[in-house]
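For reference, the chains in residue letters:
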Amino acid sequence: MGSGRAGNVESCIVNIMLAKVKSVATVGLEAVEVTVEVDVAERGFPAFDIVGLGDKAVSESRARVKKAIENSGASFPDKRITVNLAPADLPKEGSNYDLPIAIGILLANREIEGEIEGYVYGELGLDGSVKRCRGTLLVGMLAREKKLSAVYVPIETAAEAAVIPGIIVYPVRNLTELIEHIREEKKIEPMKTIEILSLLDDAEPQVDIGEVVGQEVAKRAAEIAAAGGHNLLLVGPPGAGKTMLAKAFPSILPPLLPEESLEVTRIYSVAGMLPSGTALMRRRPFRSPHHTTSMVGLIGGGSNPMPGEISLAHLGVLFLDELPEFSRSVLEVLRQPMEDQTVSITRAMGKVQYPASFLLLASANPCPCGYLNHPFKECTCGERVINKYRARISGPILDRIDLHVWVDPVEVNKLTSTDERREKLDERGENSTQVRERVISARGKQQMRFTGIRGMYTNAQMGNKQVKIFCKLSEEVKQFLNTAANKYNLSARAYFKVIKVARTIADLEGMEEILVNHIAEAVQYRENVW
Amino acid sequence: MCDTERVKEKEIDRDDKNFPEKLKSELVRPIVKKLWYRGKWNSKLFEKCAAVVGARKMSRYGKQALGEIIPKLCGAGYTIVSGLMYGVDQEAHKLTLECGGCAIAVLGYGINARMEEEAARLAGKIVERGGLILSEYSDITSARIWTFPQRNRIVVGISDVIVVAEAGEKSGSLNTASWARRMNKPVYAIPGSVFSPTSEGTNWLVAQGLAKALTVTELNTLTHDSNAKTQQKNSLEQMEERERELITKLKVEGPMGVNEIARKSNLSAGEILGRLLQLEIKGWVVEERGMWKAV
């Protein structure tokens, strides 16, 4: 690997028909350079072998490559063909080696004369068309890292690579196009580099937080959660607007920073989940897996480990609707990633580490029937049933949730009463843009605060040590907090949580100092709703 | 408070000198001949007893009320008697243990019958802290529909005062109240909202004149605690404008949730939450079931 110039035909000795083409293998979120070596021998029975620990998709590649070459107007040699994917000890999976193998065969057989420099990446159809492939962004990133000038990638996913500056991205539509390009008969038009910032500015909101009527407390809590990266639990009867609020939540999140966007896109590219033609993830991801989701679905896995929901929610929101309905064992696996903000999965194929720094937004009914403490509906659950239901969310999980909010059922007459009153309501309710502005400025303050501390962006991430450094309390405030802690039986853990939340509340108000009212508000979000 | 007088036998007869005098009263019918028990027998436990009973289904309100009442009763030297059933009973026992009081649990089934996990654990703690588990049923007699009302007569029998915390329309606690009536013991019921199904029974008791409503004053006379009211409240004038506004609003318009207050005032939800908590600590407002009211 790495010796000599990439992809040139070894043509110094005429008798040896050997070609090398560079391609890329993805292992987790990392890309590894792979050299596709093709030997076409005159002697021996005609055959076509691929070695180098390929999976089923790789071995089936032979059929696709053969037909694609024939259907592109070139001839497939009736000779002994040996393909080696080097390094040979790295397991390779997927169909993205079709294109480099095809090019390698044509070069080795002198069907085309010329050179190809850069990574060749893509799946072939029988008609010679090049199909979309997972991980195209990683190809671009590796090319920049290895200082290669060009990548040849499927036209559908080429935009992913085009966000990487300093490389030329050739979007390949079909094999014929690439053959003509190498023969220098007709060059492929390179893709323009896409400016990341130009993509990030627009976040089309789905639900505006202003559309959620009433629920002032819950909205406020959502604002604090978004600003400080605090996990949020909403508890309330069905129909109170928990899900609606959750849907509006992305609209108040701060925009992705360019580096963050690349990080998120990398995960989606590897998972093959970027919509075709999209270069980047423009918005913070919002994942809401169903409560029947398995452990593997949530944290990732598979024989060749794929990112799970928590990694897909990286730098965004993981929304677990009806939290107690998730199986307990599934919820428990969240504990480690919530702490470390990364998850490592070990499987036969190797060990992979995926980032998983997400904001957990959860909703729950207060009891199985849903009407516990409802102002006018009777709850039909017995005490034991309720206790059992509560026990489904373990202490350690609750522990990691900073904000606990009770969501009142909305009184219908308040929503539909006279127009005049309705207008008054609308007037008072803020829309997402206003809330988001405050969130962004509060995040800015946190960024300043944590400069120099790696991997720390938000108040929620502070450990007790940082709390002591960054959240100095005046005597008066400390005294108040102690009184409150006594009155409401706050544990030591809840005590620090309150301070962290109060820090965010102060940040939202643009205050350097944490005041009594900030602490008092934070105490209201303690764990008394579950 | 809970001295120990070791009695090894696990049963005590009516003619034993330590058998509670109160249970020998002729008002306790049918007569209690014998009691089985767990724990260390201690006659002092029976000197001043308050029964705290209520429904199996307990609301947040009930829990909150118990949280206020039980420490006061314990502080005034009452032994808290209840039935070890889940709901109000277990909450009463738990709170009693938490504030260091003495507890007696009277079972509606045999002393050695299998209990549910939670009950068993609680029973263990009660014994550990010098309390008693009593039953008039031997060994593993299982619960019957009539054993619980029979048990109630013992609960009432050994108690000097009965507090019904929460009871629905057909709660067994109403049965306790009727035993109390037969034995001429004072009954207090914690009144609740007219809308609350878990307070229907207690409200009915009060309405029928079968129980006194347990107000703050009543509780204070009960516990001879008269300084409760005086300690509170610096004057309204000393408060901040906004806090005064909040209190006035709550006084004029009645209890409200924070969302409603936010809609009706010019304050943000965040600020209201903060202010209310401060007012609660100072004793100006209280929260129950998400509604805030001025006191």
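None of these values were measured; they are calculated from a predicted model.

Enquirer: What is the right way to read the overall build of chain B from this model?
Expert: When you go through chain B residue by residue, the secondary structure sums to 11 helices and 11 strands. Residue burial in chain B is summarised as follows: out of 295 residues, 53% are buried. Sequence-distant contacts in chain B: of pairs separated by 6 or more residues, those separated by 24 or more amount to 71%. Carbon and sulfur atoms make up 50% of the accessible area of chain B, which totals about 13800 Å².

Enquirer: Sorry, what's going on with the overall build of chain A here?
Expert: A count of helices and strands for chain A gives 22 helices and 18 strands. Sorting the 530 residues of chain A into buried and exposed places 55% on the buried side. Taking the intrachain contacts of chain A between residues at least 6 apart in sequence as the baseline, contacts between residues at least 24 apart amount to 72%. When the accessible surface of chain A is summed, it comes to about 22900 Å², and 50% of that surface belongs to carbon and sulfur atoms.

Enquirer: I keep staring at the sheet that holds strand 9 (residues 212–213) of chain B and nothing clicks. Help me out?
Expert: Strand pairing in a sheet relies on backbone hydrogen bonds. The paired strands run either parallel or antiparallel. Residues and elements named next belong to chain B. One open sheet accounts for 9 strands, arranged 1-2-6-5-4-3-7-8-9; its pairing is mixed. The strands lining the two open edges of the sheet, one partner per strand, are strand 1 (11–13) and strand 9. Relative to strand 8 (residues 187–189), strand 7 (residues 161–164) is paired through 3 bridges, and the arrangement is parallel. Bridge pairing in strand 8 places Ile162 opposite Val187.

Enquirer: Mind showing me how you'd approach the pairing of strand 3 (residues 49–53) of chain B here?
Expert: Within a regular beta strand, the side chains point alternately toward one face of the sheet and then the other, so they alternate between its two faces. All names here are of chain B. Most of strand 3 is tucked away: 5 of the 5 residues are buried. For strand 3 and strand 4 (residues 79–82), the ladder comprises 3 bridges, and the chain directions are parallel. Across the sheet, residue Ala50 finds its bridge partner in strand 4, namely Ile80. Crossover connection from strand 3 via helix 2 (residues 60–75) to parallel strand 4: handedness right-handed. Where strand 3 lies against strand 7, 4 bridges are found, and the strand directions are parallel. What sits directly across from Val52, in strand 7, is Val163.

Enquirer: Which parts of the structure should I look at to understand the sheet that holds strand 18 (residues 403–406) of chain A?
Expert: Residues and elements named next belong to chain A. One open sheet accounts for 5 strands, arranged 11-14-17-10-18; its pairing is parallel. Sheet topology places strand 11 (286–287) and strand 18 at the edges, where each strand pairs with a single neighbour. Pairing analysis gives 4 bridges linking strand 10 (residues 232–235) to strand 18, with the strands arranged parallel. Following the sheet pairing, Leu234 is matched in strand 18 by Val405.

Enquirer: What should I look at first to understand the confidence of the model for chain A in this one?
Expert: Low pLDDT means the predicted atomic positions in that stretch should not be read closely. Residues and elements named next belong to chain A. Per-chain confidence: chain A averages 87 in pLDDT, with 92% of residues scoring 70 or above. Scored below 50 in pLDDT, residues 1–7 makes 16 contacts in the model with residues more than four places away or belonging to other chains. In the model, residues 10–14 has pLDDT below 50 throughout and makes 4 contacts with residues more than four positions away in sequence or in other chains.

Enquirer: Help me out: how do you make sense of the confidence of the model for chain B in this one?
Expert: Residues and elements named next belong to chain B. Per-residue confidence for chain B gives a mean pLDDT of 84; residues scoring 70 or more make up 92%. Per-residue pLDDT stays below 50 along residues 1–9; that stretch engages in 20 contacts with residues further than four places along the chain or on separate chains. A low-confidence stretch, residues 225–234 (pLDDT under 50), is modelled with 10 contacts involving residues beyond four sequence positions or located in other chains. Interface predicted TM-score (ipTM) for the complex: 0.72; the corresponding pTM is 0.68.

Enquirer: Just checking my understanding: could you explain the nonpolar core for this structure?
Expert: When a protein is soluble and globular, its nonpolar side chains tend to lie buried together. Core analysis: the largest hydrophobic core is formed by 78 residues, its most contacted members being Leu232, Phe249, Ile519 and Tyr525 of chain A together with Leu276 of chain B. If you tally residues by element for this core, the top one is helix 21 (residues 492–508) of chain A, at 10 residues. Residues in contact with Leu232 of chain A, not counting those within four places in the same chain, are Ala221, Ala222, Ala225, Leu360, Leu361, Ala362, Ile401, Leu403 and Val405 of chain A.

Enquirer: Please clarify how the side chain of Thr202 of chain B should be interpreted in this entry.
Expert: Considering the arrangement of structural elements, one finds Thr202 of chain B in helix 7 (residues 200–207). When neighbours within four sequence positions are excluded, Thr202 of chain B is seen to be in contact with Val164, Ala165, Glu166, Ala167, Ala189 and Ile190 of chain B.

Enquirer: Any chance you could explain the packing of aromatic side chains here in plain terms?
Expert: Geometry of an aromatic ring pair is reported as the spacing of the ring centres plus the angle between the planes. Enumeration over the complete set of coordinates arrives at 9 aromatic pairs over all chains. Plain terms: the ring middles of Tyr495 of chain A and Phe496 of chain A are 6.1 Å apart, the flat faces sit at 80 degrees to each other, and that makes the pair edge-to-face. In this structure, Tyr495 of chain A and Phe496 of chain A share a single accessibility class: buried. Grouping aromatic residues by their ring pairs yields a cluster made of Tyr37, Trp41 and Phe46 of chain B. Over the aromatic face of Tyr488 of chain A sits the side chain of Arg526 of chain A, whose NZ or CZ is 4.2 Å from the ring centroid. Stacked on the ring of Trp179 of chain B, the Lys or Arg Arg182 of chain B has its end atom at 4.4 Å from the ring centre.

Cut-offs applied
- Residue positions within a chain follow its written sequence, with the count starting from 1.
- In the order they appear in the text, chains get letters beginning with A and ligands get numbers beginning with 1.
- Reporting of local features is limited, given that this is a predicted model, to residues whose pLDDT is at least 70; pairs of side-chain atoms are given and counted only at 80 or more, and all residues count toward the totals for whole chains, interfaces and linings.
- Only hydrogens and water are set aside when side-chain values are computed; all heavy atoms of the structure are taken into account.
- Put simply, DSSP marks the helices as runs of H or I at least four residues long and the strands as runs of E at least two long, and each gets a number from the N terminus on.
- Using a 1.4 Å probe on the protein chains alone, a residue whose accessible area is under 20% of its type maximum counts as buried, one over 50% counts as exposed, and one in between counts as partly exposed.
- Contacts between residues were defined by any pair of non-hydrogen atoms, one from each residue, lying within 4.5 Å.
- Methods summary: accessible areas were calculated by the Shrake-Rupley approach with a probe of 1.4 Å, and residue burial reflects only the protein chains presented.
- What makes two strands pair is DSSP finding at least two bridges between them.
- Orient the strands so they point away from the viewer, and a crossover whose first-strand-to-second-strand path over the helix runs clockwise is right-handed.
- Per-residue confidence from the prediction method is given by pLDDT, with values spanning 0 to 100.
- Residues belong to one nonpolar core when they are buried, are Ala, Val, Leu, Ile, Met, Phe, Trp, Tyr or Cys, and are joined through side-chain atoms within 4.5 Å.
- Pairs were defined over the aromatic rings of Phe, Tyr and Trp, the Trp ring being its six-membered one, requiring ring centres within 6.5 Å. Orientation was assigned from the angle between planes: stacked under 30 degrees, edge-to-face over 60, tilted for the rest.
- Comment: the charge-over-ring label is applied if NZ (Lys) or CZ (Arg) is within 6 Å of the ring centre and within 35 degrees of the ring normal.

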